[in-house]
Every structure is written in structure tokens, then in C-alpha cells.
Amino acid sequence: MSAAVAGITSPAGFRAAGVAAGLKSSGDPDVALVVNDGPEKVGAAVFTTNRVVGAPVLWSRQVVSDGVVEAVLLNSGGANVCTGPDGFADTHRSAERAAEALGVSAADVVVCSTGLIGERLPMDRLLPGVSAAADALTGEGGLAAARAIMTTDSVPKTTHVVRQGWSVGGMAKGAGMLAPAMATMLSVVTTDAVVAPEVARRALAAATTVTFDRVDSDGCMSTSDTVVLLASGASGVRPSEDELTEALTAAGADLARQLVADAEGASHDIAVEVVGATTPDAALAVARAVTRSNLVKAAVFGNDPNWGRILAQVGTVPVEVAPFEADRVDVSINGVMICRSGAAHADRTEVDLAAAREVRILIDLHAGAAEATVWTNDLTHDYVHENSAYST
């Protein structure tokens with residue numbers, strides 16, 4: 001985990017801040033601001049595919065449409081979802097406050113909010129917090145910003161990927177309500193590379209698809225998921241689109257693993273790798289079926305290598321989605337093949353799930369050459385307790 005890294009302010013051309021505005025009853029930091037000082041102000045984003053979205057998503061979709069983003073304003077302590085026209089007006093007001101403090105247009109300020117759904121944000125606290133964050137901006141403020149966007153997270157999540165003469169930084173929040181459907185949390189990614197807006201959009205989408213989209217902690221899709229990319233061009237280096245995509249993918253993969261490692265109440269991180277599928281989509285469908293099984297997740301929590309539950313989930317995928325023969329499927333856990341050709345193989349007692357936090361489940365469909373991996377975690381008593389008392 002890269003929690004000690006400045007993250008978003010590691011590349012040249014960015015400042016950030018994280019302050020406490022009183023949105024959280026704990027008094028912890030809850031407002032973050034990230035500013036692109038340029039010379040270029042390129043921005044791109046991907047958002048949740050949930051049909052129920054918050055006002056910040058509606059606002060920010062408009063902001064990124066022209067490929068220009070000056071700043072990202074984020075708050076924890078309230079999601080501003082299902083708040084109607086007044087909630088959208090609150091998002092507009094917060095963007096205007098940030099824009100006024102920075103001397104930019106509100107139409108170039110992305111807004112992200114995270115927290116409880118269905119309640120208005122306390123604007124009498126948020127707006128002064130926005131001003132305070134603007135006053136606190138610094139080139140070393142990345143870690144403070146990462147702390148300010150935490151909700152049920154236990155640690156801040158940051159990353160820095162260095163390439164020849166340029167780099168990518170990032171921060172993310174998320175420890176629950178994590179399920180792939182574009183993105184799975186809030187994340188800001190920065191680069192000092194010279195990037196055209198259309199390249200930024202394509203590279204971010206490609207990187208997100210194989211990183212954040214491959215995290216499935218609990219099968220619950222958020223209404224606020226947003227990943228924003230800011231490019232300052234401050235390095236003067238223009239990487240190829242493939243090079244940019246590779247670096248964004250490395251940053252996204254690091255942050256995605258940090259999300260899984262901090263999943264609410266989890267005691268195991270689980271990689272479900274499906275190989276031998278007819279297509280990548282088929283492999284992904286099988287992996288998702290397994291990662292979303294409460295029975296499989298509960299078995300891993302109990303250190304029980306119950307391959308029957310895994311094979312049963314594989315069989316739930318429709319044949320038109322993932323063609324395979326059930327009597328050819330192999331299942332291995334942590335390198336031990338305990339199911340071969342759809343039947344028992346090695347003694348399941350050879351698998352010791354208590355030995356390490358990381359669990360690797362390998363499923364070979366023997367139907368093709370495509371593969372996919374999805375990360376999840378086990379289902380624990382602590383997860384149930386934390387989410388039963390979230391709003392209180």
C-alpha cells in the first residue's frame with residue numbers, strides 16, 4: 001500500500017488541500033480541493049452507470065464534456081444523492097465558491113461528494129470549508145486531500161507511478177459499496193504529461209476497465225462513483241496513448257488493490273482468475289459470478305476451501321454468455337487443484353486459507369484462450385455490523 005505517497009501532487013503542476021469543515025461529526029477532515037496549475041488544463045472522467053446518481057455526477061458530467069477541468073472539489077460526510085433540484089443547486093453553489101477562490105469558471109470545476117444518501121449537505125459549513133481548502137492549497141497537499149475524502153476507509157489510498165520524464169499520481173476512497181460498473185469509488189488521478197483531451201478520455205476509460213472495474217467487494221454499486229483524470233502538461237513530455245494507458249493502468253491497479261485491502265471488515269483479499277474462456281467477456285462473467293457469491297465469501301472467511309460452492313457459481317452463468325462444459329472445469333485454490341474435470345481432485349485439506357490474507361482462486365474452463373481476474377474479499381461479522389449501523 002502506498003499511503004505515505006503524496007499521490008495527486010507528486011506530478012508537477014498540481015496543488016491540493018484537505019480541511020475539516022464540520023461535515024463529519026468526528027471532526028475529521030472532510031473537504032478536499034485539487035487544482036491543476038497547468039500550463040494545460042486537460043480533464044476527463046468516467047462515472048457510475050447506476051441510474052440513480054447524485055447531483056455532483058450530473059454536474060460533473062457537464063464539466064468534463066469539453067475536456068477542460070481546472071479543479072476538483074470533493075467532500076465526505078454526505079453524498080448529495082436523491083436531494084432533488086435543491087441538491088443540484090448546492091453542488092452549483094459549491095463549484096461557484098471554489099471557482100471564485102481560484103479565479104476560474106465554475107463550469108470547469110468537477111464536484112464529487114461521498115457519504116450518506118438522501119440528505120442535503122450543510123452548506124453553512126461546506127462553503128466556508130471550500131474557502132478554507134483554497135487557502136490551504138500546497139504542492140505537498142496530496143496526502144491531506146486523500147485523508148479528507150475518507151468515509152469508512154481506515155487509511156488514505158494514494159499512488160505515484162514514475163515514467164521517463166513524467167509521472168502519474170492518484171488518490172482514491174472506498175471501503176464498502178464497491179462493485180464494478182465503470183468505477184467503484186471516488187478517485188482523482190493526475191499526470192504532468194502533455195495529453196490531448198480525446199487521448200485522455202480513451203486512456204482513462206481503458207485503464208479503468210481493467211482496474212477499478214475489476215474490484216467487486218460486496219456487489220453493491222454506488223450512486224456517486226467517479227474517476228477524474230487531470231493533465232497539466234508541466235513535464236513537457238508527450239507520451240504515446242499506449243504509454244499513457246499503461247501508466248494509468250498501473251496507478252489504477254495499485255489503488256484498486258488498496259481498496260480491496262481496506263474493504264470493510266475483510267480478513268481475506270480474494271483474486272478470482274478465470275482462464276480458458278471463449279472471450280474476455282465470458283471470463284469476466286464467470287469471475288463476477290464467483291466474486292458475488294455470499295456463500296463463497298463466507299466459506300473463505302471460515303477458512304473453508306469449499307470448491308463445490310465455486311463450481312456451483314460458475315454454473316450459474318448462461319451458456320450464451322460463457323460457453324463451457326461443466327465436466328471439464330478445473331478449480332485451484334492457492335496453487336492446489338482441488339477440483340479437476342468437474343470433480344474432486346486433491347484433498348481440500350491441502351489448502352490452508354488461514355496462512356495468509358491473500359487467496360487466489362483459479363478457474364480453468366478449458367473452452368478457449370481468454371482470461372480475466374476480479375478482486376473481492378470475504379464476508380465477515382464485522383462487515384455486517386458496520387453496515388447495519390452506518391447511518392446511525
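Residues numbered from 1 in each chain as written. Predicted model: local features only at pLDDT ≥ 70, side-chain atom pairs only at ≥ 80, totals over all residues. Heavy atoms only, no water.

## Remarks on the overall build of the protein chain
Per the secondary structure count, the protein chain includes 10 helices and 15 strands. In terms of overall dimensions, the protein chain is globule-like: its C-alpha atoms have a radius of gyration of 21 Å, near the 21 Å expected for 392 residues. By the burial criterion, 55% of the 392 residues in the protein chain qualify as buried. When contacts within the protein chain are restricted to residue pairs at least 6 apart in sequence, long-range pairs at least 24 apart make up 80% of them. Element-wise, carbon and sulfur atoms account for 51% of the exposed surface of the protein chain, whose accessible area totals about 14,900 Å². Of note, the protein chain has its 27 positive side-chain charges centred 2 Å away from the centre of its 46 negative side-chain charges. (Helix = DSSP H or I, 4+ residues; strand = E, 2+ residues; numbered from the N terminus. Rg over C-alpha atoms; globule rule 2.2 N^0.38 Å. Buried < 20%, exposed > 50% of the residue type's maximum accessible area, 1.4 Å probe, protein only. Contact = heavy atoms within 4.5 Å. Areas by Shrake-Rupley, 256 points an atom, 1.4 Å probe, with all protein chains shown as cover. Lys, Arg positive; Asp, Glu negative; His and termini not counted. Charge placed at Lys NZ, Arg CZ, Asp CG, Glu CD.)

## Let's talk about the packing of aromatic side chains
For the structure shown, the criterion picks out one aromatic pair. The ring centre of Trp375 lies 3.7 Å from the NZ or CZ of Arg257, which sits over that ring. (Phe/Tyr/Trp six-rings, centres within 6.5 Å; stacked < 30°, edge-to-face > 60°. Lys NZ or Arg CZ within 6 Å of the ring centre and 35° of its normal.)

## What about the sheet that holds strand 6 (residues 157–163)?
Ordered by their spatial adjacency, five strands build an open sheet running 3-9-8-7-6, and the pairing between neighbours is mixed. On the outer flanks of this sheet lie strand 3 (42–47) and strand 6, each paired with one strand and no other. Sheet twist, expressed as the average angle between the axes of neighbouring strands with direction ignored, equals 15°. Across six bridges, the pairing between strand 3 and strand 9 (residues 226–231) is antiparallel. (Pairing = 2+ DSSP bridges. Axes fitted to C-alpha atoms, helices over the stretch in contact; angles between N-to-C directions.)

## Focus on the environment of Ala148
With respect to the element layout, Ala148 can be found in helix 4 (residues 142–148). Placed 116 residues apart in sequence, Ala148 and Ala32 show a C-alpha to C-alpha distance of 5.7 Å. Contacts of Ala148, omitting those with residues within four sequence positions, involve Gly18, Val19, Lys24, Pro29, Asp30, Val31, Ala32 and Ser76.

## Section: the pattern of salt bridges
The full count for this structure, using the stated rule, is 14 salt bridges. Close ionic contact of Arg257 with Asp269 constitutes a salt bridge, the shortest N to O distance being 3.9 Å. One end of the pair, Arg257, is in helix 6 (residues 241–261); the other, Asp269, is in strand 10 (residues 269–277), with 12 residues separating them in the sequence. Classification of Arg257 by relative accessible area gives partly exposed; the value is 28%. Residue class for Asp269 comes out buried when judged on its relative accessible area of 4%. (Salt bridge = Lys/Arg side-chain N within 4 Å of Asp/Glu carboxyl O.)

## What to know about helix 7 (residues 280–291)
The α-helix advances 3.6 residues per turn, and as a result positions three or four apart in sequence lie on the same side. Compared with the 16 Å implied by 1.5 Å per residue over 12 residues, the 16 Å span of helix 7 between its first and last C-alpha is a close match. Buried residues of helix 7: Ala282, Ala283, Leu284, Val286, Ala287, Ala289, Val290 and Thr291, and no others. For helix 7, the secondary structure elements touched by its buried residues are strand 10, helix 8 (294–301), helix 9 (307–314), strand 14 (358–364) and strand 15 (370–377). (Expected span 1.5 Å × (residues − 1).)

## Quick look at the sheet that holds strand 5 (residues 109–113)
Strand order in the open sheet formed by four strands is 1-2-4-5, and the pairing between neighbours is mixed. Looking at the sheet topology across the chains shown, the edges are occupied by strand 1 (14–19) and strand 5. Each neighbouring strand pair of the sheet contributes to a mean axis angle of 10°, computed without reference to strand direction. The pairing of strand 4 (residues 71–75) with strand 5 spans five bridges and is parallel. In the sheet register, Ala71 faces strand 5, and the bridge partner there is Val109.

## Considerations on the nonpolar core
The biggest cluster of nonpolar side chains holds 49 residues, and the ones touching the most others in it are Leu33, Val34, Val72, Leu74 and Met171. Broken down by element, the residue count for this core peaks at six residues, all from helix 3 (residues 123–135). Among the nonpolar cores identified, the runner-up in size contains 36 residues, and Val300, Val329, Val359 and Ala370 belong to it. (Core = buried A, V, L, I, M, F, W, Y, C linked by side-chain atoms within 4.5 Å.)

## Details of unusual backbone geometry
Among all residues except glycine, the phi angle is most often negative; among peptide bonds, the trans geometry is most common. For the peptide bond that leads from Gly38 to Pro39, omega is 25°, which places it in the cis range. Summarising the element assignment, Pro39 is placed in the loop between strand 2 (31–36) and strand 3. Its identity as a non-glycine residue notwithstanding, Asn80 has a phi of 55°, on the positive side. Position of Asn80 relative to the elements: it lies in the loop between strand 4 and helix 2 (84–102). At His366, a position not held by glycine, the phi torsion is positive, near 50°. Within the secondary structure, His366 is located in the loop between strand 14 and strand 15. Judged by its relative accessible area of 32%, His366 falls in the partly exposed class.

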